[in-house]
Amino acid sequence: MSALYPIAPAITPIGRFAPSPTGPLHFGSLVAALGSWLDARARGGRWLLRIEDVDTPRIVPGADRAIIADLARLGLEWDGEIIWQSRRGDRYRAVLDRLRDAGQVYPCACSRKEIADSTTVRARDGALRYPGTCRGGLPPGRDARAWRVRTTPGYICFDDALQGRVCEDIESEVGDFVLLRADGVWAYQLAVVVDDAEQGVNEIVRGADLLDSTPRQLFLQRLLGYPQPDYLHLPVAGNQAGEKLSKQTLAQAVAAQPAPLALSDAFAFLGHPLPADLHGAPIRSQLDWGLAHWSRGQLPRTAMAPAPAWSAVQRA
């Protein structure tokens, strides 16, 4: 299997930022970008940019280019070429075929309604646990809608550098999860695992909203013989209602805020408040200070923290 980039020695940190272009870059995404950039760059590592546009029905046209422009405006430079997941379907298909040949995936005919009618068990992320209806074969007269991976019982654990030890029994808590959806869209879990492995990513710094997805990704990594990256899940930015900032919760675009002020707020959110004379200072000055002072030990040990007032539309 060829890599998109030559795989560097393990001692060289290779991080990445992988936004989904479902809207403009907002403060929560800026926090993830800045945190992952600083964590890699402060130790002389590489930082890659990948556009996770595999979920095509949710993509906003032009959002990818706007995100790329925002990152450049904020001084968060990346190494190598930008990767778009939507252009990598052949790679995901090859990996699915490999799993199918090994008997580790199977076709599923179940609709969402049928699953909802068959179970009330929910995983930590709120998704319904798949009850295994098609595990032994498709029901008579039914066609495949999706492809699922066969999970196995037992806990999958990892030690997150910020959030601590996380364990999940995927078979009992999640069930066999989808790798190729009924609408022909590749599932995030498969795409992210393949991309991280082929790009040589060995340190993943991202938001804590993805913490519960990580055991599924570790399960796939082990099935495929991929190395396991190290993980650090940063606090997600929340609005006044305690909701994660997102397009759905009316997060404001970072572009609406002067770049130096937005960056200063992101530093403060990450537990690295700038000296008074650098707050709102030119981008390069702030980033240079951040590279010199970055410390994982200063990061807030929480899954969510309040975002600055400007970052969300205030609702009555």
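Keep in mind that this is a model prediction, so the values were computed, not measured.

Here the focus is the packing of aromatic side chains. All told, the structure shown has seven aromatic pairs when counted by the stated rule. One aromatic cluster is present, formed by Phe27, Phe269 and Trp310 through successive ring pairs. Here the guanidinium or amino end of Arg87 rests over the ring plane of Trp84, the centre of that ring lying 4.2 Å away. Taking the ring centre of Trp147 as reference, the NZ or CZ of Arg100 above it sits at 5.9 Å.

Between side chains of opposite charge, a pair can form as their charged atoms come close. For the coordinates displayed, the defined rule picks out 24 salt bridges. The shortest N-O distance in the salt bridge between Asp209 and Lys244 comes to 2.7 Å. In this pair, Asp209 sits in the loop between strand E9 (203-207) and helix H7 (214-224) while Lys244 sits in the loop between strand E11 (236-238) and helix H8 (259-269), placing the two residues 35 residues apart along the sequence. For Asp209, a relative accessible area of 38% puts it in the partly exposed group.

Counting across every chain of the model gives one disulfide. The disulfide partner of Cys157 is Cys167, and the gap between their sulfur atoms is 2.2 Å. When the S-S torsion is 115°, as for the bridge of Cys157 with Cys167, the disulfide is right-handed. On the criterion of sequence distance, the pair formed by Cys157 in strand E6 (residues 155-160) and Cys167 in strand E7 (residues 164-169) is long-range, its members being ten residues apart. Residue Cys157 is classed as partly exposed on the basis of its relative accessible area, which comes to 23%. On the accessibility criterion, Cys167 (26% relative accessible area) is partly exposed. Free cysteine Cys108: the closest other cysteine sulfur is in Cys110, separated by 3.9 Å. Free cysteine: Cys110, not disulfide-bonded; nearest cysteine sulfur from Cys134 at 3.7 Å.

Bringing the sheet that holds strand E2 (residues 46-51) into the picture now. Reading across the sheet, the three strands line up as E1-E2-E3 and stay open at both edges, with parallel pairing between neighbours. Taken across any chain shown, the strands that pair with only one partner, and hence form the sheet edges, are strand E1 (14-17) and strand E3 (83-84). The sheet contact formed by E2 and E3 spans two bridges and is parallel. Bridge pairing in E3 links Ile51 to Trp84. Packed on one face of the sheet, helix H1 (residues 27-41) meets E1 and E2 and runs near 150° to E2. Packing against the sheet, helix H2 (residues 63-73) makes contact with E1, E2 and E3, and its axis sits at approximately 155° to E2.

Our next topic: the side chain of His272. Along the chain, His272 falls in the loop between H8 and helix H9 (283-293). There is a polar contact of 2.9 Å between the side chain of His272 and the backbone oxygen of Leu270. Beyond its immediate chain neighbours, meaning those up to four positions away, His272 contacts Phe267, Trp289, His293, Trp294, Ser295, Gln298 and Leu299.

Reading the values: the criteria
Numbers given for residues are sequential positions, taken from 1 along each chain in its written order. Whole-chain, interface and lining totals are the exception, using all residues; otherwise, since this is a predicted model, local features are given only for residues with pLDDT of at least 70 and side-chain atom pairs are given and counted only at 80 or more. Side-chain descriptors were evaluated using all non-hydrogen atoms of the structure, hydrogens and water having been removed beforehand. By convention, a stacked pair of Phe, Tyr or Trp rings (six-membered ring in the case of Trp) has centres within 6.5 Å and planes under 30 degrees apart, an edge-to-face pair has planes over 60 apart, and any other such pair is tilted. Think of it as a cone above the ring: NZ of Lys or CZ of Arg counts as a charge over the ring if it is within 6 Å of the ring centre and within 35 degrees of the ring normal. Throughout this description, the term salt bridge denotes a Lys or Arg side-chain nitrogen within 4 Å of a carboxyl oxygen of Asp or Glu. Helix numbering and strand numbering both begin at the N terminus, where a helix is a DSSP run of H or I of at least 4 residues and a strand a DSSP run of E of at least 2. Burial classification: accessible surface area is computed with a 1.4 Å probe over protein chains only, and a residue below 20% of its type maximum counts as buried, one above 50% as exposed, and the rest as partly exposed. A pair of cysteine sulfur atoms is labelled a disulfide when the two atoms are within 2.5 Å. A pair of strands is labelled paired if DSSP reports no fewer than 2 bridges between them. In what follows, a contact means two residues having at least one pair of non-hydrogen atoms within 4.5 Å. Note on geometry: axes are C-alpha line fits, over the in-contact stretch for helices, and angles between N-to-C directions span 0 to 180 degrees. Pairing of N or O atoms within 3.5 Å defines a polar contact, subject to two protein rules: one partner must be a possible hydrogen donor and the other a possible acceptor, and residues neighboring in sequence count only if both atoms are side-chain atoms.

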